[in-house]
2 protein chains.
Amino acid sequence: MSIATNEHITVEKIKKSKLDQVDFDNLTFGKNFTDYMFECDYKDGKWQNPTIKPYGNLELSPATKVFHYGQAVFEGMKAYKDDQGEVFLFRPEDNFKRINISSKRMAIPEFPREFFFEALHTLVQLDKDWVQPGEGNSLYIRPFAMATEVGVSAAPSDEYKFMIIMAPAQAYYTGDVRVVIAEQFSRSADGGVGFAKAAGNYGAQFYPTNLAREKGFQQVIWTDAKEHKYLEEAGTMNVFFRIGDTLITAPTSDRILDGVTRKSVLKLAEHNGIKAEVRRIQVSELVEAAKNGTLKEIFGAGTAAVISPVSAFSYQETVYDIPKQEDSYAKRFKKELMDIQQNRADDPFGWRYPVA
Amino acid sequence: MSIATNEHITVEKIKKSKLDQVDFDNLTFGKNFTDYMFECDYKDGKWQNPTIKPYGNLELSPATKVFHYGQAVFEGMKAYKDDQGEVFLFRPEDNFKRINISSKRMAIPEFPREFFFEALHTLVQLDKDWVQPGEGNSLYIRPFAMATEVGVSAAPSDEYKFMIIMAPAQAYYTGDVRVVIAEQFSRSADGGVGFAKAAGNYGAQFYPTNLAREKGFQQVIWTDAKEHKYLEEAGTMNVFFRIGDTLITAPTSDRILDGVTRKSVLKLAEHNGIKAEVRRIQVSELVEAAKNGTLKEIFGAGTAAVISPVSAFSYQETVYDIPKQEDSYAKRFKKELMDIQQNRADDPFGWRYPVA
Ligand SMILES: Cc1ncc(COP(=O)(O)O)c(C=O)c1O
Ligand SMILES: Cc1ncc(COP(=O)(O)O)c(C=O)c1O
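Being a predicted model, the structure only gives us computed values, none of them experimental.

Undergrad: Just checking my understanding: could you explain the domain arrangement of chain A for this structure?
TA: How big an interface is tends to be stated in terms of accessible area lost as the parts join. All names here are of chain A. Here chain A is partitioned into domain 1 (3-169) and domain 2 (177-336). Domain 1 and domain 2 are separated by 28 Å when their C-alpha centres are compared. Summed over both sides, the interface between domain 1 and domain 2 buries roughly 1500 Å², with carbon and sulfur atoms accounting for 63% of that surface. Sorting the residues of domain 1 by area buried against domain 2 places Phe74, Arg98 and Arg105 first, and these three jointly supply 40% of that buried surface. For the pair domain 1 and domain 2, the interface holds 1 salt bridge. Taken together, the connections running from domain 1 to domain 2 amount to 10 residue pairs in polar contact (both at pLDDT 80 or more). Within the residue set of the side of domain 1 that touches domain 2, elements represented by two or more residues are β5 (72-74), β6 (77-81) and α2 (92-105).

Right, dumping it as structure tokens:
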């Protein structure tokens, strides 16, 4: 395999790989990073010096704007290796578009397409041995952009850093997830930044999620900030409800992230002849369905966990258990998605993107 | 002057001051920092190693959580020097309490009172020559806390850094401010983090503020996210409206920062026999008052700018100019506040806090 040193990106080679220090059977998510990282600076009005270099620390002033004003966005995507050793991304075009949508809302200059894709190709090639084949294994890829101007005035930065770091991953969540329906706290509002993968959206969820954890629930399903009446999404997943044999998920809006997994599930549902409705869904409808036995499944959909079945939800001090489903949609979608991602099945929608 | 090396905080001395490199007559806000900074780490469940050291860069992994999840809070306060060379803070207890209120909401461990105040005392003593006396001059003090765990899983950090950096400042805003009343974008929602000085609240405002700037306005006055019907606050200032001779400002809530300047203005109003109402105020009431000539003043109140008179506001494509006021409340409050801050007047409320 020869590394294409293309005209844009400079590559600084490592001296020695860290690969042999990693126990791939006991990975904590997002803790071990590969040998290389990508770094590109925005200065004097343009993105410049795209560089792939040995993964390592940054030196930053304590007055760097990202620390103070949270002007930062990110993406989450994965590379998968098939049994022949070929490596694929999953719908990377969507992540590319979305990080620029996020950036725009956060007043961060958009990142050029060529740099993004060249960086992905070159990085994944260089770190190809970090992608493990096999069920549930992947290389988690984290592109992000952040404000790097030095200064504590509350105004947009005039310098930024765009980076890509990568961490080998096994399955993200283990076991079923119990969720709390938000009744008091909220994640985002109309006219806000909820649709963006803006850094601050995540930190803001930690405290309410901690409160849920203390009561034995792992996640919060957010509701609309106005009335807490409509179900929206979870912290890092869009959410699907199966009532009877109909799948329901909230429409995207400026409060909800337009998830790649969500839209892939909707496509697979269509393909499988499963009725899917994209519409606002009230908490009361969910509770009613749980009570009368028509609520068959709830599951989250997101890159990290792929599909996460929800086993119970709590609302107004009542816990509603969701009985295990024989013919589970969650299971079916998870299998179909992973089969496509890992090149074990046909790819009728052209989602796989060979990268190394 | 002898530096108290108290039992908690370690002080590492500089070799040579940067003081002579600074042009105090031409300061850009928040760009020049003093000789020293304070740094304290949260690890293994406790805040430890409080250290004052030469101001300098941090070395951080690109996977540091603050870059990805915006788990960060800050404060803004000022030190003032009087003509006798004594240095004062202004109501620092309020900033201390508030950073811990912010931290709690952002799932950041609260910072100990002793470290906070010892750090302030020692830092300001060491950097005393950086505080310039004279009208409008101050030393801007920026305490902040941020997530420093290395890892890209979306969960609270288990390590943090608390820092204090300081920058000499002249007046923050120059001239009058023209504002846009928010009709579409929003800053925060009920159940959200608007009441906290959370980093992400600021980055989220940059884009809508840029749009306002393009139309010739410097700031946005945010309205409630539900209906855009009630006036809330500006990006870094609470806002007061004077209709007739009554001062009106929005009540604090989980959407609005409980500003130190705001509550000081309310106290001064009371002291001056000026009628002040803390109540929800509708945009329509403001527009009506502008039309019938009873709107006499709008001004922002915040540490950075102290008091910022607003000269015009825009709403639904109409610009309402606010005529200059002979007997301006804004002017009066600014003078009274600054006289107290800089020890030129009595301090009937005990707001001054001698520090060096
Ligand atoms: C808030 C939020 N919702 C949903 C998702 C799922 O999106 P995707 O399927 O593109 O990973 C994510 C994670 O990326 C997220 O952060
Ligand atoms: C959102 C917001 N509102 C109001 C204020 C004013 O608060 P204070 O008077 O305490 O500086 C600030 C600045 O600190 C702020 O960031």
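Undergrad: What am I meant to see in the pairing of strand β17 (residues 306-315) of chain A here?
TA: Two faces, one strand: in a regular strand the side chains alternate between the faces of the sheet. All names here are of chain A. β17 sits mainly inside the fold: 8 of its 10 residues count as buried. Direction of pairing for strand β10 (residues 177-181) relative to β17: parallel, over a ladder of 4 bridges. Bridged to Val177 within β17 is Val310. Of the pairings in the sheet, the one linking strand β16 (residues 295-302) to β17 comprises 5 bridges and is antiparallel in character. Residue Ile298 lies in a different strand from β17, and its bridge partner there is Val310. Counting the residues that bridge the hairpin from β16 to β17 gives 3 residues. Taken together, β17 and the strand that follows it, strand β18 (residues 318-321), pair antiparallel across an intervening segment of 2 residues, in which Gln316 is found at a positive phi of about 45 degrees.

Undergrad: I tried to follow the pairing of strand β9 (residues 160-169) of chain A on my own but got confused; where do I start?
TA: Residue and element names in this part refer to chain A. Extensive coverage of β9 is indicated by the burial of 10 of its 10 residues. Residue alternation in β9 divides its side chains into two sets, Tyr160, Phe162, Ile164, Met166 and Pro168 and Lys161, Met163, Ile165, Ala167 and Ala169, and both sets are buried. Judged from the 10 bridges that link them, strand β8 (residues 138-147) and β9 form a sheet pairing that is antiparallel. Bridging across to β9, Leu139 finds its partner in Pro168.

Undergrad: Could you clarify how one ought to interpret the environment of A:Val177 in this entry?
TA: All names here are of chain A. Summarising the element assignment, Val177 is placed in strand β10. For Val177, a relative accessible area of 4% gives the class buried. Setting aside anything within four residues of it in sequence, one finds Val177 in contact with Gln218, Gln219, Ser308, Pro309, Val310, Ser311 and Ala312.

Undergrad: What is the right way to read the interface of chain B and chain A from this model?
TA: Facing 61 residues of chain B, the contacting portion of chain A comprises 61 residues. Buried area between chain B and chain A, summed over both chains or domains, comes out near 5100 Å², and the portion from carbon and sulfur atoms is 63%. Contact with chain A buries area across many residues of chain B, yet B:Pro62, B:Phe67 and B:Phe206 alone supply 14% of it, more than any other trio. Our count for the chain B to chain A interface comes out at 2 salt bridges. Among the ionic pairs, B:Glu149 bridges to A:Lys31, the shortest N-O distance being 2.9 Å. There are 26 residue pairs in polar contact (both at pLDDT 80 or more) connecting chain B and chain A. At the level of secondary structure, the elements contributing two or more residues to the side of chain B that touches chain A comprise β4 (58-60), α1 (65-69), β5 (72-74), α2 (92-105), β8 (138-147), β9 (160-169) and α4 (199-214) of chain B. Sorting elements by how many residues they give to the side of chain B that touches chain A places α4(B) first, with 9 residues. When its residues are assigned to classes, the side of chain B that touches chain A shows 36 nonpolar, 17 polar and 8 charged.

Here is what the cut-offs are and how they apply
- Residues numbered from 1 in each chain as written.
- Chains lettered and ligands numbered in written order.
- Predicted model: local features only at pLDDT ≥ 70, side-chain atom pairs only at ≥ 80, totals over all residues.
- Heavy atoms only, no water.
- Domains from an automatic or database assignment.
- Buried area = accessible area lost by both parts, 1.4 Å probe.
- Salt bridge = Lys/Arg side-chain N within 4 Å of Asp/Glu carboxyl O.
- Polar contact = N/O pair within 3.5 Å; in protein donor to acceptor, adjacent residues only side chain to side chain.
- Helix = DSSP H or I, 4+ residues; strand = E, 2+ residues; numbered from the N terminus.
- Buried < 20%, exposed > 50% of the residue type's maximum accessible area, 1.4 Å probe, protein only.
- Pairing = 2+ DSSP bridges.
- Contact = heavy atoms within 4.5 Å.
- Nonpolar A, V, L, I, M, F, W, Y, C, P; charged D, E, K, R; others polar.

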